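Chain and residue survey
Next come the chains, spelled out residue by residue.
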Amino acid sequence: MQSKVHNEDIARIFEKMSRVLSLKGKNRFRILAYENAARSIRELDEDLAEIAAQQKLEEIAGIGKDLAEKIQEALRTGNIRACEREGGKIPDSLLMLFEIRGLGPKTISLLHKKFHVDSLDDLEHALASDALGHARGFGAKKIAALRESLEAWTASHQRMLLGLALPRAEELVARIRKLPLIERAELAGSLRRGRETIGDVDLLVVSGDSPTALEEISRLPEVSRVLAVGPTRATLLLDSIQVDVRAVASESFGAAMQYFTGSKKHNTHIRAIARQHGLKVNEYGVFRGTKRLGGAAEADVYRLVGMPLIPPELREDRGEIEAALKGKLPELVQLSDIRGELHAHSTYSDGHSSMLEMVECAAAMGYEYIALTDHSPSQRIAHGLDRVRLRKKIKEMEKLRKERANSRLHLLLGAEVDILPDGRLDYPDDVLAWLDVVIAAVHANFNQSRKQMTDRILRAIDCPYVNVIAHPTARLIGKREPVEFDFDRIVSAAKQAGVALEIDGSPWRLDLNDTLARSAAEAGGLLSIAADAHSTAQLAYLRFGVLQARRAWIAPASVVNTWSWETLHKWLTARRPQRLGRSMKAAG
DNA sequence: GCCGTTTTCGGCCCGACTGTTTTCAGTCG
């Protein structure tokens, strides 16, 4: 049996084919057909192999007889002879040039033929020399624009982390809202849906004088570069993040928000339902024939197709439309439901803020409880606490509790304890008994087998002092793959034991991710949404965890840190061997 | 190359924007 051919492999072949054909100046609709097919395949949930087995390839939008046969061939042999023949002599490095903004088939073809540019490196050299200067179509501005595009691509060809992009985008929106010409400004796109990474920022504005408003936006100090400005649209760079600003009419604002928030799949599905009602939905509104029925408010769009407004975080076509039609949209946890933080560090381990600073910040945020969960000794780089230093921390915490006796904020002595490779915890039971909150986490030996890792985490869950498994898959977005384990077994063991699985809000982690968190919650498991804060400012990371939880359809009831102090306290102590931790008694 | 209440041929992704053009070509979303 041939090694498995994935949907993405076939999408790549078709994408390559469309680029090859465009370089050769072939029929533009044929080019478009391959492009559409590639996109259509990328949007599939099901494996092409399964669809092929059911003889249903031609039911996929954009796949006809010919492409269905080509897919069959790719599934059998791993490649498509006709596509290889067509693109045979064209190096992949040349096709990479399509990634550069401002380069299309004509220019790439010209660069290739006249200047022997076959790669991004070649392009860089050509742009650096003055060779292009005299060629037709290459003015000084064009060359400068290409230099900038190449630079921007190098800086940002990978997607940007939500937690880093969102605050920058929000600052920009706040700034834009203060401009006198601006009536409204809102973020749309994947940022609004809370996706863990984003490609660019979509921003909609309403103004009585759009052209001037867009000019003014382009001149804001936050904007590092202006790629394009016209009367209805501007493309800007905010650091290396591309921002697309669109000016829309007030009466179309809701329809435009709906359209530009996406996802594409969600919108396609909504439009299909609209068609069944004899309606047309686009970015300008909802129409029956030429009669405009609504579109000023986003809720208009959903109401006219017979459903309540769907929260942006759910708009991925993962069942939310069916749920909305049945009136069964889930109640989603929101930031204001959160009553405390169960994962935060202080200067005792690798945090940058003192216990006092962390506690004061948590009080200012209106929290009812905060656990300071510094690392255990195995985390040497993070200054994990041995018994002696842990005792010192307990003393300081008891002093803090006395000084703040009138505060409604409960201080919890916690630790983020390493789960050792064999599943034992990094503190012995007598030390664990000192703690009010134990969150256990994998921080090393990520490459164990699936079975070893499953047993390791199961053993940690078995320990009666453990309350939470922190960042369960240990992934770092774009940097470290999630560890492998039997997720269903972990979820069911955690549920049995009353152990919560964490949704870590740190922008680099967001762990559990949305799909895993959703299946944990659907199985009836408990979750904890945490900031994993290493400073007072990072306590705000919790909101990214909440966004992730909302994408996972999670209701407040299954999130332990939405619970009142009394309920949480009962839960924390429920599993413990009889003798209560002494600091918990002090917390009273 | 796909698609079909316009159905096996003849449409399909076109409007906005930039740069270099002297009335338009190329690219983007």
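Here the structure is a predicted model, which means the values were calculated and not measured.

1. Comments concerning the packing of helix α1 (residues 7–23) against helix α2 (residues 28–42)
Running from amino to carboxyl end, α1 crosses α2 at an angle of 160°, the nearest separation of the two axes being 8 Å. By the angle between their axes, α1 is roughly antiparallel relative to α2. For α1 against α2, the interelement crossing comes out left-handed. Contacts between α1 and α2 pair Asn7, Glu8, Ile10, Ala11, Arg12, Phe14, Glu15, Met17, Ser18, Leu21 and Ser22 from the former with Arg30, Ile31, Tyr34, Glu35, Ala37, Ala38, Ile41 and Arg42 from the latter. Its residues placed into classes, the contact of α1 with α2 shows 10 nonpolar, 3 polar and 6 charged.

2. Remarks on the protein's contact with DNA strand B
Around DNA strand B, the structure places 36 residues, and the nearest of them are Gly102, Gly104, Thr107, Gly139 and Val229. Backbone atoms, meaning sugar and phosphate, form 76% of the atoms of DNA strand B found within 4 Å of the protein. The contact in question runs from a phosphate oxygen of DNA strand B to an N or O atom on the backbone of Gly104, over 2.6 Å. Here a phosphate oxygen of DNA strand B sits 3.3 Å away from a polar atom, N or O, in the main chain of Lys142. Those elements that place two or more of their residues in the surface near DNA strand B are α2, α4 (65–77), α7 (105–115), α9 (140–156), β5 (225–229) and β7 (241–247). A per-element tally of the surface near DNA strand B places α2 first, with 5 residues. Class assignment of the residues belonging to the surface near DNA strand B gives a composition of 16 nonpolar, 10 polar and 10 charged.

3. Structural notes on unusual backbone geometry
Of the consecutive residues Gly262 and Ser263, the connecting peptide bond is found in the cis state with omega at -5°. Along the chain, the position of Ser263 falls in the loop between α13 (253–261) and α14 (264–276). The omega angle of the peptide bond from Asp511 to Leu512 is 5°, so this bond is cis rather than trans. Locating Leu512 in the fold gives a position in the loop between β16 (500–504) and α22 (514–522). Notably, Asn445 is not glycine yet its phi reads approximately 50°, a positive angle. Take Asn445: it is sitting in the loop between β14 (437–441) and α20 (450–462). Exposure remark for Asn445: the relative accessible area of 43% places this residue in the partly exposed category. Positive phi outside glycine occurs at Ala474, with the angle close to 60°.

Criteria and thresholds
- Residues numbered from 1 in each chain as written.
- Chains lettered and ligands numbered in written order.
- Predicted model: local features only at pLDDT ≥ 70, side-chain atom pairs only at ≥ 80, totals over all residues.
- Heavy atoms only, no water.
- Axes fitted to C-alpha atoms, helices over the stretch in contact; angles between N-to-C directions.
- Helix = DSSP H or I, 4+ residues; strand = E, 2+ residues; numbered from the N terminus.
- Parallel < 35°, antiparallel > 145°, perpendicular 65-115°, else oblique.
- Left-handed = near helix turned anticlockwise from the far one by under 90°.
- Contact = heavy atoms within 4.5 Å.
- Nonpolar A, V, L, I, M, F, W, Y, C, P; charged D, E, K, R; others polar.
- Near = heavy atom within 4 Å.
- Polar contact = N/O pair within 3.5 Å; in protein donor to acceptor, adjacent residues only side chain to side chain.
- Buried < 20%, exposed > 50% of the residue type's maximum accessible area, 1.4 Å probe, protein only.

None of the figures reported here should be taken as evidence of function without further support.
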